[in-house]
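Remarks on the overall topology
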Amino acid sequence: MSKHKALKGAIAALASVATLGALAAPALAADTTYSPNGKSVSELAKHGGAQRIATIGNKNAKNVVLFLGDGMGDSEITVARDYLKGANGHFDGLDAVGQPGALGDVQAGTGQYTTFSVGNGSKDSAVGKDGDGKLVANPNPGKLTPVTDSSASGSAWATGTKTYNNAVDVDIYGNPQLNLFELAKAAGKATGNVTTAEIQDATPAVLESHSSERACYGPQGKTDGTSNNASKQCLINQLKENGGIGSISEQLLDTRADVTIGGGSKYFRQTVQGGEYKGKTVWEQAKEMGFQTVENDPAAMNALQYKDNQPVLALMSDGNMPTKFDPSKATAKDPAKDANPTVCTPNANWLGNQGSSLKDMTKKALDLLNDNPNGQKNGFFLQVEGASIDKQDHAGNACGQIGETDDFDQAIAYAMQNVDLTNTLVIVTADHAHTSQILNAQPAYALSTVLKTADGNNMVVSYGTAQDDSRDADGGYNGGDMEHTGTQLRIAASGPGAQRVIGLTDQTDNFYTIAGALGLATSAESQKALSDNGTVKVSAADGKFTADVDGFNGDAVLSYELKDKNGTTVVASDSSTPLSGVRVKTAQTTPIALDGVTEGSEYTLTVTGRQSGKAVTVDFQAPAANSADKNNGKPGAGNADKNGVIASGKVNNDTKAGPFGAALLGKTGTAVLAAAVAIAMLVAVAMLIKTAKAAKNDR
């Protein structure tokens, strides 16, 4: 047995016990280091395990708008306020949300939340990879990590589950966790995603995809389509050509949010490598799937209108959008900077000059969601990200981050004037803190910029978190290596349920605040129940056979197996990792092509939800040639309906049906199940450790 196959087998074993583990939940195969509040890493890594206010109830809201300033810690807000408004100034958006009395009698609250993650990269997970994209599983996944990245942070508020840095909506074992868009769509609500970053970037990605690697932008990786870097940037098991659920861009289309506006258009020029759209660009796939598409055209974006079953995909720049202000450069200590403080200048390339500021995009998203019948009837969830506060902080670019904070503030101010705060909860927060600090004088051991503020004073902004000395020939900062910091963050809210942000909470609490306000399924049990009405219909047309799957809304991934009458497997989905299988199209039909079917032969098809454990089994006989008038009594034998359906089935929710049915699983059964899961987990971990040792000995 090869080392790679052994690893695949071990991780498959881990994945196979995930559903049972949700019932028995033994704390195995994870770092058992205890945090000060008494919870181990394995406990914190469970869905909802890091909540600080789990017992606090929710008030209902029809709509929720989440404003996320990427990297916008308290210091970044203060830097921008001092420069733009003066030290005693006031932001119309940022400083109004959560401020008692600022918005009349509307409920308001302000607090702080913790942002730690449970792994410093995919090396701390069960779905890490090597340089060729092959699986390298950590036998002891999970590690308490004080400083988060944007993907782990976003996954926390999008799913309620803490995870490792680099992860997108998967836990430390690689198991996909249902996100707010999937749950909102299952509840019939409209959804919107707006960002100034590439739409594949971490914060927007956590609402539309599941990925072990945040850089898995498209079917060819993070490229404009002129090369294929997928094996360098993706776990290869996740790629569709290898039987996986696909890249972030491909899953974005499967998720089918009602409104998606951002950057990253060049990544949609990639060529699809597997599945029914193989050989076409991602843009071509989007159009064939019925999206209204806009590529780098602000006028076309502003002209968009709601059209039934034609979601909006408007990508306004090749990469991240240009910043509002021209860049400034942090440099070493120099008295000349005090005598000649920097004044930020407008960037002529900023898309706000063409009608695509973050405020403009927020307005368009709100208009489209309010015109959407689902939005009108059931409400909506909208996320708006001011992305490049973070990106310019990384670059030590004070003017860049200030302009992006200003753009973000204006988008918030517009929303506050144009939503009904009696039925809409608005939350403003960030994903992690960052490097910039306000000082009295230029530091000796860090780079800095001296700015002239709105009240005429000098303000020193220091950048000192780069791990390497990256100064250029002029002594200025040369690179994007300033690091995040791990401090807690401001969170503010206005509208129904705003009281949940008061005090000290955690990022995962934000998931429960949003989902609870919208009445979405939050617990693992209620999410699994969303697949209770799952159905499968097998149809035949032109000699091809397809299984159409509906109602598995409690799942992100499906597996399937087709057997002939002798019990021999004809075709089956890959199950080597939790990211292998078929991506569920929530609240839509998920088609599965059934290859290898022979006319006239009998088959049994089983489709299983990988998260819920719900399954549908369908027995059918493939119609023989010229069998239209023949029916030997077997499902599918010449008795297709007008839609070509030859057989169908639905989830059996009879609790007495299986060996682990709830009616049969008493205390003894639970103990047996827990023991079975524990043994399975120990075997899987032992396989991983044995393989790792073998690999070490082979070096």
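Look above for the structure.
Residues numbered from 1 in each chain as written. Predicted model: local features only at pLDDT ≥ 70, side-chain atom pairs only at ≥ 80, totals over all residues. Heavy atoms only, no water.

1. A short note on the overall build of the protein
Selection criterion: In this text, helices come from DSSP runs of H or I with a minimum length of four residues, and strands from runs of E with a minimum of two, each type numbered from the N-terminal end. Throughout this description, buried means an accessible area under 20% of the type-specific maximum (1.4 Å probe, protein chains only), exposed means over 50%, and partly exposed covers the range between. Any two residues having at least one pair of non-hydrogen atoms within 4.5 Å are treated as being in contact. Per-residue accessibility takes into account occlusion by the displayed protein chains alone, with areas from the Shrake-Rupley method and a 1.4 Å probe.
Within the protein one finds 19 helices and 24 strands. For the protein, with 699 residues in total, the buried portion stands at 56%. Partitioning the intrachain contacts of the protein with sequence separation of at least 6 by distance along the chain shows that 72% fall at a separation of at least 24. Summed over its atoms, the accessible surface of the protein is roughly 26800 Å², and 47% of this surface lies on carbon and sulfur atoms.

2. Side note on helix H13 (residues 358-371)
The following threshold applies: Expected span, for any helix, means 1.5 Å times one less than how many residues it has.
For H13, built from 14 residues, the straight-helix expectation of 20 Å at 1.5 Å per residue is met to within 8% by its first-to-last C-alpha distance of 20 Å. Of all the positions in H13, only Leu358, Met361, Thr362, Lys364, Ala365, Leu366, Leu368 and Leu369 are classed as buried.

3. Observations regarding the state of the cysteines
Think of a disulfide as a covalent bridge from one cysteine sulfur atom to another cysteine sulfur atom. Counted only if it meets this: In plain terms, two cysteine sulfur atoms within 2.5 Å form what is called a disulfide here.
With the rule as written, the count across this model stands at two disulfides. Here cysteine 216 pairs with cysteine 234 through a disulfide, and the sulfurs are 2.1 Å apart. Disulfide cysteine 216-cysteine 234: torsion about the S-S bond near 100°, hence right-handed. With cysteine 216 in the loop between helix H7 (202-205) and helix H8 (230-233) and cysteine 234 in the loop between H8 and helix H9 (248-255), the pair connects residues that are 18 residues apart, well separated along the chain. Like cysteine 216, the residue cysteine 234 is buried in the burial classification. Two residues share a disulfide in this structure: cysteine 344 and cysteine 399, whose sulfurs sit 2.0 Å from each other. The chirality of the disulfide connecting cysteine 344 with cysteine 399 is left-handed, given an S-S dihedral of about -85°.

4. Overview of the packing of aromatic side chains
To describe a pair of aromatic rings, one takes the distance between the centres and the angle between the planes. Put simply, the rule reads: Put simply, two rings from Phe, Tyr or Trp (the six-membered ring, in Trp's case) pair if the centres are within 6.5 Å, and we call them stacked under 30 degrees between planes, edge-to-face over 60, tilted for the rest. Here, a charge over a ring means that NZ of Lys or CZ of Arg falls within 6 Å of the ring centre while also lying within 35 degrees of the ring normal.
Throughout the structure, instances matching the rule amount to six aromatic pairs. Seen from their ring centres, tyrosine 217 and tyrosine 267 are 4.9 Å apart, and the 85° between their planes marks the pair as edge-to-face. Here the residue tyrosine 217 occupies a position in the loop between H7 and H8, and tyrosine 267 occupies one in the loop between strand S6 (259-263) and helix H10 (282-288), the gap between them amounting to 50 residues. Taking the ring centre of phenylalanine 116 as reference, the NZ or CZ of lysine 162 above it sits at 3.9 Å.

5. Quick word on the sheet that holds strand S16 (residues 535-541)
Which entries qualify depends on this criterion: One requirement defines pairing of two strands: DSSP has to find at least two bridges between them. As a rule, the C-alpha atoms of each element are fitted with a line to give its axis, helices using only the stretch in contact, and angles between N-to-C directions run from 0 to 180 degrees.
With antiparallel pairing, the four strands of this open sheet are ordered in space as S21-S17-S16-S24. At either margin of the open sheet sits one strand with a lone partner, and together these are strand S21 (590-594) and strand S24 (645-650). Averaged over all adjacent pairs, the angle separating strand axes in this sheet is 20°, with direction ignored. Where S16 and S24 come together, five bridges link them in antiparallel fashion. Pairing of threonine 535 across the sheet is with lysine 650, part of S24.

6. A look at the packing of helix H4 (residues 74-85) against helix H16 (residues 398-418)
So the rule is basically this: For this classification, under 35 degrees means roughly parallel, over 145 means roughly antiparallel, 65 to 115 means roughly perpendicular, and everything else is oblique.
Close contact between H4 and H16 brings their axes to 9 Å; oriented N to C, the two are set at 90°. By the criterion of interaxial angle, the relationship of H4 to H16 is roughly perpendicular. Counting all contacts with H4, which are made through Glu76, Val79, Ala80, Tyr83 and Leu84, the residues of H16 involved are Gln401, Ile402, Thr405 and Asp406.

7. Some details on the nonpolar core
Threshold: Remark: nonpolar core denotes a set of buried residues (Ala, Val, Leu, Ile, Met, Phe, Trp, Tyr, Cys) joined through side-chain atoms within 4.5 Å.
One finds Phe67, Met316, Phe381, Leu382, Phe408 and Leu451 to be the most contacted residues of the largest nonpolar core, which totals 109 residues. Looking at this core, the element that brings in the most residues is H16, giving nine residues. Setting aside anything within four residues of it in sequence, one finds phenylalanine 408 in contact with Phe67, Leu68, Gly69, Met72, Leu94, Leu358, Val384, Gly386, Ile389 and Val428.

8. Here we look at the sheet that holds S6
What the 10 strands build is an open sheet, ordered S7-S8-S6-S5-S9-S1-S10-S14-S2-S15; its pairing is mixed. Looking at which strands have only one partner, the edges of the open sheet turn out to be strand S7 (292-295) and strand S15 (503-506). Taken over all neighbouring pairs, the strand axes of this sheet differ in orientation by 15° on average, direction set aside. Pairing geometry for S7 and strand S8 (residues 312-315), over four bridges, is parallel. Each residue of the ladder has a partner; that of valine 294, found in S8, is alanine 314.

9. Side note on unusual backbone geometry
Positioned with a positive phi, aspartate 169 is a non-glycine residue whose angle comes to about 55°. Mapped onto the elements of the fold, aspartate 169 is located in the loop between helix H5 (150-159) and helix H6 (180-186). A relative accessible area of 1% places aspartate 169 in the buried class.

10. So, the environment of valine 571
With respect to the element layout, valine 571 can be found in strand S19 (residues 569-572). Apart from the residues lying within four places of it in its own chain, the contact partners of valine 571 are Tyr560, Glu561, Leu562 and Asp595.

11. Quick look at the pattern of salt bridges
To be explicit about the condition: By salt bridge we mean one thing: a side-chain nitrogen of Lys or Arg within 4 Å of a carboxyl oxygen of Asp or Glu.
Here the structure, examined in full by the defined rule, presents 15 salt bridges. Aspartate 95 is paired through a salt bridge with arginine 81; the nearest N and O atoms lie 2.9 Å apart. Placement of aspartate 95 in the loop between H4 and strand S2 (108-114) and of arginine 81 in helix H4 is noted, with a sequence separation of 14 residues between them. The burial state of aspartate 95 is the same as that of arginine 81; both residues are buried. For aspartate 406, the salt bridge identified is with lysine 324, shortest N-O distance 2.8 Å. Taken together, the positions of aspartate 406 in helix H16 and lysine 324 in the loop between S8 and helix H12 (335-339) put the pair 82 residues apart, joining distant regions of the chain. Residue aspartate 406 is classed as buried on the basis of its relative accessible area, which comes to 9%. A single salt-bridge network, built from bridges that share partners, covers Asp149, Asp201, Arg214 and Lys391.

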